[in-house]
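# Structural overview
Residue strings, one per chain:
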Amino acid sequence: MGISRATASVAFMLLLITAFASHGESAEVKVGVGKSGQATIWITGEIISGDADKFLQSVRQANDSGKFVANVRLDSPGGNLLEGVKIADAIRFGKTSTNVGKTAVCASACFLMFAAGSTKNAGYGAQVGVHGASGENGEETAASGAATVSMAKIAKELGVPAAIIGRMVVTSPQDMVWLSPQELQSMGVTMMGRPSQVTPPIANLQQTPPNAPISLSPSGSGVTASRTFKPDAAPTWAEIVNRAMEKSASQNNGNPLFSRSCQPELKVCNIGLSYVDNQGKVAFLKTVEDMNGKVIAREACTLNDFKDVRTCINWDDGTSHRDMKDSNGIWSKVADQ
C-alpha cells in the first residue's frame, strides 16, 4: 500500500501548499536503462509545480517500452512540498528503490521522496537533511506549522524513526539538520562506499549546502521570514537540538527522551527533549506550539537539584525566567531575571 491514505489525511495541508507555487527552474527528470534492462530515473534540482507529472510521465515512458523503473536517483535541495509528496507516493506505489550519491544533496521535500524508497541507499558523503516547513521567505506561520505537522505524519507513515521526525519538527526552516550515517542506517538506509576519513564538524550541521536554496514550502505564498539571528560565534537552535539529541540518546539506551503535553486552556502544546548536562543537572529544550502547529516559543531550561525550580532562557529574545513547581506538580512563574 502506498501513502495515499496519508496523503488523503493531510488534504488540508495540501490545499494550503498548492497556493505556494514555486517559480524557480524546474527539476531535471530523465530516464536511463542499465545493463540489467531496468530503468533508472534521475531527479536533479529544485522541485517545482508540475514536476510530479514529469516524473509520472517518465515512469509511463519506461513502462510503455517494457522497462521496470527499479531506482530513482535524487540530487535536490527540496522545493514544492505537494509535488514532493506526489512523487513520494508514486515511488512507494511502484516499489522503487531510492539513491542519494556521495556528492548529492537530498533535503526538505526531497527527504520524503528518499524515505519512500522500497530500499534506500546513500553514499558516504551524501547530504540528507530535514527541517520544518516555511513560507516563501522562511516565516513560521499557522499554515507552515500545519504543513510541518502533516509532513511529520507522512514521514511516520513512511517508517521514518521518531528521533528523526523529532528533529524535523523542532528545527527552524532556516536551519538544517544533516543526518549522520548512523541516523540514516536507523531508517533502513544502506550506506555505500567508504566512510570519510575527515572528522565531521560538531553536531554534523551547517546552515545550507553551498549554493543550494532550501525551501520546504514552495515559493509564491507571500509569506515572509521572521527569525532572530545570533552572533556568528553562537550555536544555532538546530545545533543546540542536535547536541541535546546526541546526549539524550547516549543517556537513554540510544533513544532520545522526548515528551509532549498539551494545555487545552491555553491552546498550546509543549514538546520537550530532556537530558543531563555536563554539570549533572537535568536539562531540557522546550518548543511551544499553538493549535495549528506553529512554533511560538523555544526555550532551554535547567532544573535545580530538587527538580522543583527551573530556570529557562527564551532562545529568540534572550529573556529568562524562573518557575517553581507546587505540590500538585503545577509550574508557576516566580521571578524574572
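An account of the accompanying structure is given in this report. Treat the numbers as computed from the prediction; the structure is a model and nothing was measured.

## Let's talk about the overall build of the protein chain
Looking only at helices and strands, one finds nine helices and 16 strands in the protein chain. Burial statistics for the protein chain: of 337 residues in total, 49% are counted as buried. By sequence separation, contacts in the protein chain at least 24 residues apart represent 62% of the contacts at least 6 residues apart. With an accessible surface of roughly 16,300 Å², the protein chain has 53% of that area assigned to carbon and sulfur atoms.

## With respect to empty space enclosed by the protein
Tallied over the entire structure, the rule returns two cavities of 30 Å³ or more. Approximately 60 Å³ is the volume found for the second largest cavity. As for the second largest cavity, its lining consists of Val 170, Trp 237, Val 241, Phe 258, Ile 271, Gly 272, Leu 273, Leu 285, Lys 286 and Thr 287. Those elements that place two or more of their residues in the lining of the second largest cavity are α9 (237–251), β11 (268–276) and β12 (282–290). Of the residues in the lining of the second largest cavity, the class split is seven nonpolar, two polar and one charged.

## Describing the nonpolar core
Ranked by internal contacts, the top residues of the largest apolar core, which has 63 residues, are Ile 43, Leu 74, Phe 111, Leu 112, Phe 114, Leu 184 and Met 187. A per-element tally of this core places helix α5 (residues 109–115) first, with seven residues. Apart from residues lying up to four places away in sequence, Leu 112 is in contact with Leu 81, Val 85, Ala 88, Met 151, Ile 154, Ala 155 and Leu 158.

Rules of the game
Each residue is numbered by its place in its chain's sequence as written, counting from 1. Local features in a predicted model are, by the rule used here, given only for residues with pLDDT of at least 70; side-chain atom pairs are given and counted only at 80 or more, and totals for whole chains, interfaces and linings are based on all residues. By convention in this description, side-chain values take in all heavy atoms of the structure and omit both hydrogens and water. Secondary structure elements follow DSSP: runs of H or I no shorter than four residues count as helices, runs of E no shorter than two count as strands, and numbering proceeds from the N terminus. Only protein chains enter the accessibility calculation, which uses a 1.4 Å probe; a residue whose area is less than 20% of its type maximum is buried, one above 50% is exposed, and one in between is partly exposed. When checking whether two residues touch, look at their non-hydrogen atoms; a contact exists if any pair is within 4.5 Å. Here the open area of atoms and residues is found with the Shrake-Rupley method and a 1.4 Å probe, where only the protein chains shown may cover a residue. Put plainly, a pocket is an open set of points on a 1 Å grid over the protein atoms alone with protein on both sides within 12 Å along at least five of seven lines, a cavity is a set where a 1.4 Å probe fits but cannot get out, and a lining residue has an atom within 4 Å of a point. Grid points are joined across faces, edges and corners, and a volume is the space filled by probe spheres set on the points. Three classes are used: nonpolar for Ala, Val, Leu, Ile, Met, Phe, Trp, Tyr, Cys and Pro, charged for Asp, Glu, Lys and Arg, and polar for all others, with Gly counted as polar. For this analysis, a nonpolar core means a set of buried residues of the types Ala, Val, Leu, Ile, Met, Phe, Trp, Tyr and Cys, connected via side-chain atoms within 4.5 Å.

These values are about where atoms sit, not about what they do.
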